[in-house]
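Here is how the chains run, residue by residue.
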Amino acid sequence: MDSVECPRGCREPSNTKEDTVKDDFTPSKIGTKDYWDDAYQRELQTFKDIGDVGEIWFGEESMARVLRWMERERIPENAAILDIGTGNGVLLVELAKSGYTNLTGIDYSAASVELARSILQTENISNVEVKEVDFLNCPGELSCFDLCIDKGTFDAISLNPDNTEEGKACYVQALRGVLKEDGLFVITTCNWTKEQLLQMFCQGFGFVNELPTPRFQFGGKTGNSVTAIILKRLH
Ligand SMILES: C[S@@+](CC[C@H](N)C(=O)[O-])C[C@H]1O[C@@H](n2cnc3c(N)ncnc32)[C@H](O)[C@@H]1O
């Protein structure tokens, strides 16, 4: 499998070498819908051909980390949970297998939605809703979630060459709209540090916790390649 350097240096899985993101925060085709439509059409075909579910962004541990936190926090099994930009929906599969019963996944790529539905069906999981929705343009379509999860989607939106700043602001506003008051948001990102996230989500959100992620050392400094934090929607 080929890999590309993620903007802040973590290794990201990818299908082709041209996908390489070279500079910090350089807008990239990885931030476009065309990119994801192509990627998931290929992954859907591969799934149909050989049953491979495709890339799990940030690896299996990124899902286990979120699930461990949910268990520690005693998130109720019937909590309304939204996976924003679900991709292949494998996180939804893991959540369902862990006993969560009120799960919704959304993605703006029709091929991703078809892939996620196919994988859920193969796993005999029938009570998960997967919808084709553009998170940045869904006023009123989604609401009252107890927990929203984002793994790599805010990263993708941050890299959109057309409307990077607008996209980020729109995302924060949309998140406020879909979460209940006191609802929680877990984000895993390789583009943004905790401090940057706290700045971007300062309007209407409060910091709850940071989840430990692998650390690396370079030039005498220690840093994280992936950041995972929990925010709460304030009143
Ligand atoms: C890096 S992938 C992560 C996929 C999945 N969360 C995972 O962890 O495997 C980013 C996902 O965000 C989706 N996405 C990007 N912008 C979106 C938007 N505005 N609305 C809904 N989904 C979006 C893409 O189609 C893609 O599935």
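The structure this text deals with has already been given above.
Note that this is a predicted model, so its numbers are computed, not measured.

*Asks:* Sorry, what's going on with the overall build of the chain here?
*Replies:* The secondary structure content of the chain amounts to seven helices and 11 strands. Burial status across the chain gives 51% buried among its 235 residues. Once local pairs closer than 6 in sequence are excluded, the contacts in the chain between residues at least 24 apart make up 70%. Only carbon and sulfur atoms are counted for the fraction: they give 47% of the accessible area of the chain, which is about 11,500 Å².

*Asks:* Got a minute to help me understand the pairing of strand 6 (residues 145-151) in this structure?
*Replies:* In the case of a regular strand, side chains alternate between the two sheet surfaces. Across the seven residues of strand 6, six count as buried, placing the element largely inside the fold. Looking at chain direction, strand 3 (residues 81-84) and strand 6 are connected through four bridges and run parallel. Within the sheet, the bridge partner assigned to Asp 83 lies in strand 6 and is Ile 149. Inspection of the sheet shows strand 6 paired to strand 7 (residues 179-189) by six bridges, in the parallel sense. Bridge pairing in strand 7 places Phe 145 opposite Leu 179.

*Asks:* Hey, could you run me through the environment of Asp 150 in this one?
*Replies:* Within the secondary structure, Asp 150 sits in strand 6. Distance from Asp 150 to Gly 85, taken between C-alpha atoms, is 7.0 Å for residues 65 residues apart in sequence. If near-sequence neighbours (up to four positions away) are discounted, Asp 150 is found in contact with Ile 84, Tyr 171, Phe 185, Val 186, Ile 187 and Thr 188. Within the structure, Asp 150 has its side chain in polar contact with the backbone nitrogen of Gly 152 (distance 3.2 Å).

*Asks:* Help me out: how do you make sense of the environment of Val 208 in this one?
*Replies:* For Val 208, the position within the fold is in strand 8 (residues 205-211). Taking the relative accessible area as the measure of exposure, Val 208 reaches 38% and is therefore partly exposed. In the structure, Val 208 is positioned 24 residues away from Lys 232 in sequence and 6.4 Å away in space, judged by C-alpha atoms. For Val 208, the residues in contact, after removing those within four places along its chain, are Leu 184, Ile 230, Leu 231 and Lys 232.

*Asks:* Please clarify how the pattern of salt bridges should be interpreted in this entry.
*Replies:* Any two side chains of opposite charge can pair if their charged atoms end up close together. Considering all chains together, one arrives at six salt bridges under this definition. Put simply, Glu 61 and Arg 68 hold a salt bridge, and the shortest N to O gap is 2.6 Å. You can call Glu 61 partly exposed: its relative accessible area is 38%. The class for Arg 68 is partly exposed, based on a relative accessible area of 40%. In this structure, Lys 180 and Asp 146 form a salt bridge, with 2.8 Å as the shortest nitrogen-oxygen distance.

*Asks:* Would you mind going over the sheet that holds strand 7 with me for this structure?
*Replies:* Within a sheet, adjacent strands bond to each other through the backbone by hydrogen bonds, running parallel or antiparallel. The seven strands lie next to each other as 5-4-3-6-7-11-8, forming an open sheet whose pairing is mixed. The open sheet terminates on both sides in strands that have one partner only, identified here as strand 5 (128-132) and strand 8. Looking at each pair of strands side by side, their axes are set apart by 20° on average, direction ignored. In this fold helix 2 (residues 59-72) packs onto strand 3, strand 6, strand 7, strand 8 and strand 11 (227-233), with an angle of close to 160° to the strand it touches most, strand 6. Packing against the sheet, helix 3 (residues 90-97) makes contact with strand 3, strand 4 (103-107), strand 5 and strand 6, and its axis sits at approximately 180° to strand 4.

*Asks:* It is not clear to me how unusual backbone geometry should be interpreted in this structure. Could you clarify?
*Replies:* Peptide bonds are mostly trans, and most non-glycine residues show a negative phi. Even without being glycine, Phe 58 reaches a positive phi, approximately 70°. Tracing the backbone shows Phe 58 in the loop between helix 1 (33-50) and helix 2. At Asp 182, a residue that is not glycine, the phi angle is positive and equals roughly 70°. Within the secondary structure, Asp 182 is located in strand 7.

*Asks:* What's the story with the site of the ligand in this structure? I'm lost.
*Replies:* In the vicinity of the ligand lie 16 residues, with Gly 85, Asp 107, Asp 134, Phe 135 and Lys 151 positioned nearest. Note that a nitrogen atom of the ligand is positioned 2.9 Å from one of the side-chain N or O atoms of Asp 134. Relative to its unbound accessible surface of 590 Å², the ligand loses 98% to contact with the protein. Taking a 2 Å distance to the grid points as the criterion, the majority of the atoms of the ligand fall inside the largest pocket. Going through the elements one at a time, helix 1 and helix 5 (153-158) are the ones with two or more residues in the shell around the ligand. Classifying every residue of the shell around the ligand gives eight nonpolar, five polar and three charged.

Basis of the calculations
Residues numbered from 1 in each chain as written. Predicted model: local features only at pLDDT ≥ 70, side-chain atom pairs only at ≥ 80, totals over all residues. Heavy atoms only, no water. Helix = DSSP H or I, 4+ residues; strand = E, 2+ residues; numbered from the N terminus. Buried < 20%, exposed > 50% of the residue type's maximum accessible area, 1.4 Å probe, protein only. Contact = heavy atoms within 4.5 Å. Areas by Shrake-Rupley, 256 points an atom, 1.4 Å probe, with all protein chains shown as cover. Pairing = 2+ DSSP bridges. Polar contact = N/O pair within 3.5 Å; in protein donor to acceptor, adjacent residues only side chain to side chain. Salt bridge = Lys/Arg side-chain N within 4 Å of Asp/Glu carboxyl O. Axes fitted to C-alpha atoms, helices over the stretch in contact; angles between N-to-C directions. Near = heavy atom within 4 Å. 1 Å grid on protein atoms, 1.4 Å probe; cavity = no way out; pocket = protein on both sides within 12 Å on 5 of 7 lines; lining within 4 Å. Sits in = over half its atoms within 2 Å of the grid points. Nonpolar A, V, L, I, M, F, W, Y, C, P; charged D, E, K, R; others polar.

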